[in-house]
Amino acid sequence: QILVQDNSKLNFNAARNFTFMAWIYPNAFTEWSTAYASVTSDCVNGIFVFAHTSLDGTWGATEGIAVGIQPNSGQQINVRSNDSVLTLNKWFHLAVLYNASATQANRIRIYINGTEQTSTTVVNVGTLGNRDPDTTYLGFDGCTGEYGRMRIDEAMLFNRTVSLTEIQNIINNQSTRFNHTASELFQNISLSQSGTLNRVNVTTNSTLPQSTNISLR
């Protein structure tokens with residue numbers, strides 16, 4: 001987990017846009033696996049981003065993303081991604097956008113690898129107000145002891161809603177760190193009893209996480 005101490009720049013203002021981005025690598029889809037949380041000390045209010053599988057009526061998602069903003073009691077937006085947009089042991093680029101100028105039920109949009117995956121299932125209660133969170137975490141919910149069952153890298157927060165072009169540019173600039181094309185040529189040479197050399201060439205091509213070793217047996 002990474003803990004960020006209280007900072008006014010992390011306050012939630014319902015009238016101010018923001019974007020959360022990160023590369024995530026899910027290791028398990030346990031319920032409440034947390035990518036990002038910015039919470040109050042009472043653990044009741046805040047902003048939460050989960051990458052999990054849950055049947056919860058408010059936070060539910062199946063191998064996907066669930067986002068919730070609850071600045072105060074009786075004020076709440078919960079949005080989930082489409083199901084099955086994540087798989088285990090693979091890097092994905094996640095972007096969560098909050099557009100304050102949209103109608104409240106449509107303010108949160110979820111993008112996976114540059115493609116919008118926002119579900120039409122939304123919980124929208126009350127009128128969002130402002131809130132000063134006490135602590136912000138990566139990989140921990142800050143309340144119930146739920147950790148993110150994932151790797152997290154290149155996490156970024158913007159005080160605006162980034163464009164789809166910007167998301168794609170960031171993915172293009174960073175993706176080679178997380179997934180790259182690997183091509184290896186193996187040559188097997190054997191000598192027959194007659195003295196003939198037998199050669200077999202095998203080429204492997206695949207997209208692999210950074211620092212992955214491949215072998216042929």
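Here, the structure is the one placed above.
## So, the pairing of strand β4 (residues 46-54)
Thought 1: With 8 of 9 residues buried, β4 lies mostly within the body of the structure.
Thought 2: Bridging between strand β3 (residues 34-39) and β4 involves 5 bridges; their strand directions are antiparallel. Paired with A37 across the two strands is F48, which belongs to β4.
Thought 3: The loop that links β3 with its antiparallel partner β4 comprises 6 residues; one of these, C43, has a positive phi angle of about 65°.
Thought 4: Linkage of β4 to strand β5 (residues 61-70), two consecutive antiparallel strands, is achieved through a turn of 6 residues.

## Looking at the sheet that holds strand β7 (residues 92-98)
Thought 1: Overall, antiparallel pairing links the 5 strands, which are arranged β9-β8-β7-β2-β12 in an open sheet. The two strands at the open ends of the sheet, each matched to only one other strand, are β9 (115-116) and β12 (150-158).
Thought 2: The pairing of β7 with strand β8 (residues 108-112) spans 5 bridges and is antiparallel. Within β8, the position partnered with Y98 by the bridge is I108.
Thought 3: Contacts between helix α1 (residues 164-174) and the sheet are confined to β2 (18-26), β7, β8 and β12, with β7 contributing the most and set at about 155° to the helix.

Reading the values: rules and limits
Residues numbered from 1 in each chain as written. Predicted model: local features only at pLDDT ≥ 70, side-chain atom pairs only at ≥ 80, totals over all residues. Heavy atoms only, no water. Buried < 20%, exposed > 50% of the residue type's maximum accessible area, 1.4 Å probe, protein only. Helix = DSSP H or I, 4+ residues; strand = E, 2+ residues; numbered from the N terminus. Pairing = 2+ DSSP bridges. Contact = heavy atoms within 4.5 Å. Axes fitted to C-alpha atoms, helices over the stretch in contact; angles between N-to-C directions.

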